[in-house]
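Residues per chain are reported as follows:
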Amino acid sequence: MVSINYYLALLKISFPMSHKLDRNSFGDPANAGNLMTIEEANTLLNEWVPNEKLRLHMKQVAAVMKAWAIEKENADEQTALKWELAGLLHDADWEKYPDDHCRIIIEELEKRNIDPDVIHCIASHGPGYFGVEPNNTMDKMIYAFDELSGFVHAAALIRPTRYEGLEVKSVLKRLKSPAFAAQVSREDINDAISRINTSLEEIIQFIIDHQKDVN
């Protein structure tokens, strides 16, 4: 069985220190609409993130971000791609450059002239850590999904049937247990949920439904 503490350590579930970015503007507005393909994003991910468990986390966040954009925000294809790319690349520099997370991926995307909405979304996925406040729905949802996605996956890993039969009440029970995945910030989860018009229970169910088959 996978060690939960080992898994969570790989995922950067909690932020051990402040890495303030010291700015709130990212990218060039002239690059609005300029997006890399998912294939290009996965190539970058494979080059920067050797650990498959960390890549899985980013793919799971990408899947729930894309699904939410389409199902809840009625996003068109281009907008859904922005949500998906932000989820897929939000931790791309964590493994190789932990001391400069997420400064390096932001600079890389700025060099590639990527849409500033994607870059700002990545910069705001941990406001207490990076000092960048989520300022739109996409930003707020990546903040909500990031830690909860990893937590739900950790809750699934300790079950013999993994996601099959995993219920929201089981995840909520784990959240209320300080001993389980202690490095997960319940304060950040509560803060993220307070910023959106959706209950914690609905978010957890959405995550279970949309990341269970991601591999």
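Our subject is the structure listed above.
Bear in mind that the values here come from a model prediction, so they are computed numbers and not experimental data.

Observations concerning the nonpolar core
Here comes step 1: Among the nonpolar cores identified, the biggest contains 73 residues, and M65, L89, F145, L148, I203 and I204 are the most heavily contacted of them.
Here comes step 2: Ranked by residue count, the leading element in this core is helix α8 (residues 137–157), at 12 residues.
Here comes step 3: With near-sequence residues (within four places) excluded, L89 lies in contact with M36, A41, L44, L45, I105, L109 and I122.

Examining the packing of aromatic side chains
Here comes step 1: Here the structure, examined in full by the defined rule, presents six aromatic pairs.
Here comes step 2: When the centroid spacing of 6.1 Å and the interplanar angle of 25° are considered together, the rings of F145 and F206 count as stacked. On the criterion of sequence distance, the pair formed by F145 in helix α8 and F206 in helix α11 (residues 200–211) is long-range, its members being 61 residues apart. With respect to burial, F145 and F206 carry one shared label: buried.
Here comes step 3: Between the aromatic rings of F151 and F180, the centroid separation amounts to 5.4 Å while the plane-to-plane angle is 85°, which identifies the pairing as edge-to-face. A residue pair is termed long-range when its members are at least 10 positions apart, and F151 in helix α8 and F180 in the loop between α9 (168–175) and α10 (186–194) qualify at 29 residues. The two residues F151 and F180 agree in class, both being buried.
Here comes step 4: An aromatic cluster is defined as three or more aromatic residues linked by ring pairs; in this entry it consists of W68, F145 and F206.
Here comes step 5: Over the ring of W68 we find K72; its NZ or CZ atom is 5.6 Å from the centre of that ring.
Here comes step 6: Here the guanidinium or amino end of R174 rests over the ring plane of F180, the centre of that ring lying 5.2 Å away.

Quick look at α10
Here comes step 1: Turning to α10, its buried residues are R186, I189, A192 and I193. Looking straight down α10, one finds that the buried residues subtend no more than 125° of arc, so they occupy a single side. Seen from the buried face of α10, the exposed residues on the opposite side, beyond 90 degrees, are E187 and S194.
Here comes step 2: Packed against the buried residues of α10 are α8, α9 and α11.

Thresholds applied
Residues numbered from 1 in each chain as written. Predicted model: local features only at pLDDT ≥ 70, side-chain atom pairs only at ≥ 80, totals over all residues. Heavy atoms only, no water. Core = buried A, V, L, I, M, F, W, Y, C linked by side-chain atoms within 4.5 Å. Buried < 20%, exposed > 50% of the residue type's maximum accessible area, 1.4 Å probe, protein only. Helix = DSSP H or I, 4+ residues; strand = E, 2+ residues; numbered from the N terminus. Contact = heavy atoms within 4.5 Å. Phe/Tyr/Trp six-rings, centres within 6.5 Å; stacked < 30°, edge-to-face > 60°. Lys NZ or Arg CZ within 6 Å of the ring centre and 35° of its normal. Arc of directions from axis to C-beta.

Function-wise, these values are silent; they only describe arrangement.
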